[in-house]
Every structure is written in C-alpha cells, then in structure tokens.
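Topology and contacts: notes
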Amino acid sequence: MARVGGTEVNVGLGIESTAGTAVAATVFPQWTEFSLQAISEKALFNSQRGVRNMASNSMIRRRYSEGSMSCIANTENAPYLFGLALGSVSSGSITDSAYTHTITVQNAHASMKTATVLLEQGGEVTERFANVVMNSLNFEVSDNYATMTAEMIGGFPDTGTVTESFTTNDEFAYHQMSAKFGTSISNANGNSATPIKSFALNINNNVLLDEAFLSGANTPTAGGFIAGRMQITGSYSLQFDGLAELNKYKANTLNSMELTFTGSLIGSTSAHQIIFEVADMVLTAPPKEISLDGIIILTQEFEVSFDATDSELTVKVINDDNGDDY
Amino acid sequence: MKVKSKKDIHFPQFNWGISKGAEVELPEGKQAQDAILAHPHIKKVSTKKED
C-alpha cells in the first residue's frame, strides 16, 4: 500500500433520513483540519492471576468514532454543519434564483440530526461513518477567513465508496461580515452596522455518550446519540469608543445581534449569505482590555439566553441549492 | 454527451472539471459519467430541437 498524503484525504458528508442508515455524500468540505476516526476503547482485565503483570486479558469496551473537522465557512457547507448542530432545517422555495435555508434549534433530545461521513484516503481505503452527530460546532472569524470546527461523534466505520467533487464557492472572511446590534433581532435589523474586530460562536450539544451504549452490542445504537442541554456561548470584540457597549455589560441590557456574511449575487438582488440571528446575549465577563501600546478593546463574552420572541439562535443560509441537497 | 453546470466543479478522480455556464463533453467511462451526471448542479445539454 502506498503512503497517503494529507491532501489526498477526501471527506464527503450526507444527511441521513433515518439515523444510522448510511447515505451517499452530497457535499465535500475542503477541510483544513480533520481527525474523525474509529475509537476502539479497551478495558483491561486486571484481576488476580498469580503473576505480577497487571493485565492478563482485554476486551473492546466500546466501538464508535470521534474527532473533528475544520473548514472555511461558505453557503454550501454551512447548512450541513449548522443543520447538524442545531437540528432543524427548513428550506424555502426558489425566489430570485435563490433558496433560503432556515436553521433553528430542535428541542427533542433523542432526535438528533445524523450524517454519514465518508473518508477516502488516497484511493486506498474508504471508511464510512454512519450515525454521526455534532457534539459541538465552533465558528470563528477575526481578520482572516471564517472557520467552522465541528466536533463529531458517530458509529464505528465500515467501508464504502465515494466520488468526491469540489465546488468553487465564496469562502467567507471578515471583510464580508456586517454586525448589527439591538434589543431584539428585529430592532437590530433596523439599526446601522457596528464595526467589530472579531466574532466567535460555540454551539455545544453536550451529547450523552454513555446513553448510546446498551446491552447486546458494543457499538452505539442507530439514532442512539442523545443531545444533552444545549449551551450557546461566544464572544465579539470591538474598539472602545463610548460607554454604550460597556454599559450593556454593566446593566445586563437586552443585547441581540444580526451578523451577516454576504458574497456574490445569485439572482438580481439575492446573494450568497449566512445570517446569524443571535437572540439575548448575556454578557458574562468584564470586557475592557487596556493596552499601553494600543487602544482600548472591548471583548464581550456572552452566553445566549432563550427569548420568547427570538428563541435563541437562528442561522439563515441563502444559496442556489434546493432543499434536497441544501 | 455534453453537460452544463451551475457552478465550477472539479472531479479529481476523473481529472475532469467544468466551469459555471460552460458546455463540456463528459469524459469516457461509465463510472465517471454516472458520477458526474449524479451531481445536482450538472445537467445534460438538451439536443432536442425546439418547434
């Protein structure tokens, strides 16, 4: 077998209609970091045996998969990763050559959206991971490309086939980002944009790994990954130029954000976009950073609180893919 | 058979790619043709004459 270079590792991803039933890949994220792999967790038999060596037998305790994938955010891969992280995707009909995919939180713990991840390694070995759920998704942007990092947990791989294809997309970066703040999402939408330096968002599903292993098999049951309580946290930073932003932290002011990435036109006015509607951001840490050689920067760390009108987080992706393949 | 694409797409396994809006002949080989035609953004170019 030939040695395999990292760039020869092709990753495909498809959304499963039945959890644990593998499907073909419909998107091929151009990853920057990848570590999803089989976990064969061992238990050592350390009982008395009449010899000094501690272990005298072993078994496979659990077989599953775990790891992460990072890629640059675009309107092709974002619906997949945010769909898996939040759980519910509603795709609209075509308008001005564009489709809007609205991604919201699915609140039923035992109905996590699952994916099949296919991994082709230099044309030599193809591993297929079904029943893959998103434990957490991190989104970060500062002065470069916007990066998504997905922490995944899934079934133990078997083999499969994949024919990768790579699409040229608008790979989003900080200069395509616009942030608006307000006391609600609709209020933020009507306000002017505020220049920010960075934005980070983490969606943590706190998957209950132990609940996926039941009697009869040492592999997770199909659809057996149960979401724990969801925690959405993050931060944004901006230059200090008055008390308004600082006072939000001091007074626990209702603080919502509409953050939009805009790329090339699809129709006459519609464009490739990712829109984050972050509801009530509770500012949790003292924000002021005073630099002797620089300027005062406010880094607002937040945790999202559920809001009766705006819920917690909605991600809208506008692209030219219909709901069948996002 | 010619195909047309809504996006720039590259199939490294078949050393074949297509640009957005271009009309390109499919490569030889059933495996390659089936895989390319299965892509949601690639469609056969109709050769049917319009009335």
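1. Considerations on the overall build of chain A
- In terms of helices and strands, chain A carries three helices and 20 strands.
- Computed over C-alpha atoms, the radius of gyration of chain A comes to 22 Å, within 12% of the 20 Å expected from 2.2 N^0.38 for 326 residues, which places it in the range of a compact globule.
- Dimensions along the principal axes, computed over C-alpha positions, put chain A at roughly 75 × 50 × 40 Å.
- Within chain A, residue pairs in contact and separated by at least 24 positions form 70% of the contacts whose partners lie at least 6 positions apart.

2. Some points on the environment of Asp8 of chain B
- Relative to the helices and strands, Asp8 of chain B is located in the loop between β1 (2–5) and β2 (9–11).
- For Asp8 of chain B, a count of 16 C-beta atoms within 10 Å corresponds to the partly exposed category.
- The spacing of Asp8 of chain B and Ile42 of chain B is 34 residues in sequence and 10.0 Å in space, taken between C-alpha atoms.
- With residues up to four places along the chain from it excluded, the contact list for Asp8 of chain B reads Thr167 and Thr168 of chain A together with Ser19 and Lys20 of chain B.

3. Description of the sheet that holds strand β16 (residues 271–278) of chain A
Residue and element names in this part refer to chain A.
- Ordered in space as β5-β6-β20-β16-β15-β12, the six strands form an open sheet in which the pairing is antiparallel. The sheet is open, and its two borders are formed by β5 (87–91) and β12 (177–182), each paired with just one other strand. This sheet shows a mean twist of 15° between the axes of neighbouring strands, independent of strand direction.
- Pairing of strand β15 (residues 256–265) with β16, which is carried by seven bridges, proceeds in the antiparallel orientation. Residue pairing in the sheet places Phe261 in a bridge with Ile274 of β16.

4. A closer look at helix α1 (residues 78–86) of chain A
- The buried count for α1 of chain A comes to nine of nine residues, which makes it a mostly enclosed element.
- Looking only at α1 of chain A, the buried set comprises Ala78, Pro79, Tyr80, Leu81, Phe82, Gly83, Leu84, Ala85 and Leu86 of chain A.

5. So, the confidence of the model for chain B
Residues and elements named next belong to chain B.
- Per-residue pLDDT for chain B has a mean of 88; in total, 92% of the residues score no lower than 70.
- Of all secondary-structure elements in chain B, the lowest mean pLDDT belongs to strand β5 (residues 42–44), at 91, while strand β3 (residues 16–18) reaches the highest, 96.
- Of the two predicted TM-score estimates for the complex, the pTM is 0.94 and the ipTM is 0.85.

6. Focus: the sheet that holds β5 of chain B
All names here are of chain B.
- One open sheet holds the three strands; their spatial order is β4-β1-β5, and the pairing between them is antiparallel. Here the strands that pair on one side only, and so sit at the sheet edges, are β4 (23–25) and β5. The sheet shows a mean angle of 35° between the axes of neighbouring strands, direction not considered.
- Sheet topology note: the β1/β4 ladder contains three bridges and is antiparallel. Along β4, the bridge assignment pairs Val3 with Val24.

7. Focus: the nonpolar core
Residues and elements named next belong to chain A.
- Formed by 78 residues in total, the largest nonpolar core has its most connected members in Leu81, Val117, Val133 and Leu137.
- At eight residues, strand β8 (residues 125–141) tops the list of elements feeding residues into this core.
- Excluding its chain neighbours within four sequence positions, the residues that come into contact with Val133 are Leu84, Met112, Thr114, Met152, Ile153, Gly154, Val207 and Phe225.

8. Thoughts on the interface of chain B and chain A
- Taken together, the contacts link 11 residues of chain B with nine residues of chain A.
- Counting residues per element, the side of chain B that touches chain A draws most heavily on β2 of chain B, which supplies three residues.
- By residue class, the composition of the side of chain B that touches chain A is five nonpolar, three polar and three charged.
- Judged from the two bridges that link them, strand β11 (residues 166–167) of chain A and β2 of chain B form a sheet pairing that is antiparallel. Counted as the bridge partner of Thr167 of chain A is Ile9 of chain B from β2 of chain B.

9. Looking at the pairing of strand β4 (residues 57–72) of chain A
Residue and element names in this part refer to chain A.
- In the sheet, strand β2 (residues 31–34) pairs with β4 via three bridges, with the strands oriented antiparallel. For Phe34, the partnering residue across the bridge sits in β4 and is Met69.
- By the bridge criterion, nine bridges tie strand β3 (residues 37–45) to β4 in an arrangement that is antiparallel. Along β4, the bridge assignment pairs Phe45 with Asn57.
- Looking at chain direction, β4 and strand β9 (residues 147–154) are connected through eight bridges and run antiparallel. Note on β9: the bridge partner recorded for Cys71 is Met148.

What counts, and where the lines are drawn
Residues numbered from 1 in each chain as written. Chains lettered and ligands numbered in written order. Predicted model: local features only at pLDDT ≥ 70, side-chain atom pairs only at ≥ 80, totals over all residues. Helix = DSSP H or I, 4+ residues; strand = E, 2+ residues; numbered from the N terminus. Rg over C-alpha atoms; globule rule 2.2 N^0.38 Å. Contact = placed C-beta atoms within 7 Å. Buried ≥ 20, exposed ≤ 12 C-beta atoms within 10 Å, placed from the backbone. Pairing = 2+ DSSP bridges. Axes fitted to C-alpha atoms, helices over the stretch in contact; angles between N-to-C directions. pLDDT = per-residue confidence, 0-100. Core = buried A, V, L, I, M, F, W, Y, C linked by C-beta atoms within 7 Å. Nonpolar A, V, L, I, M, F, W, Y, C, P; charged D, E, K, R; others polar.

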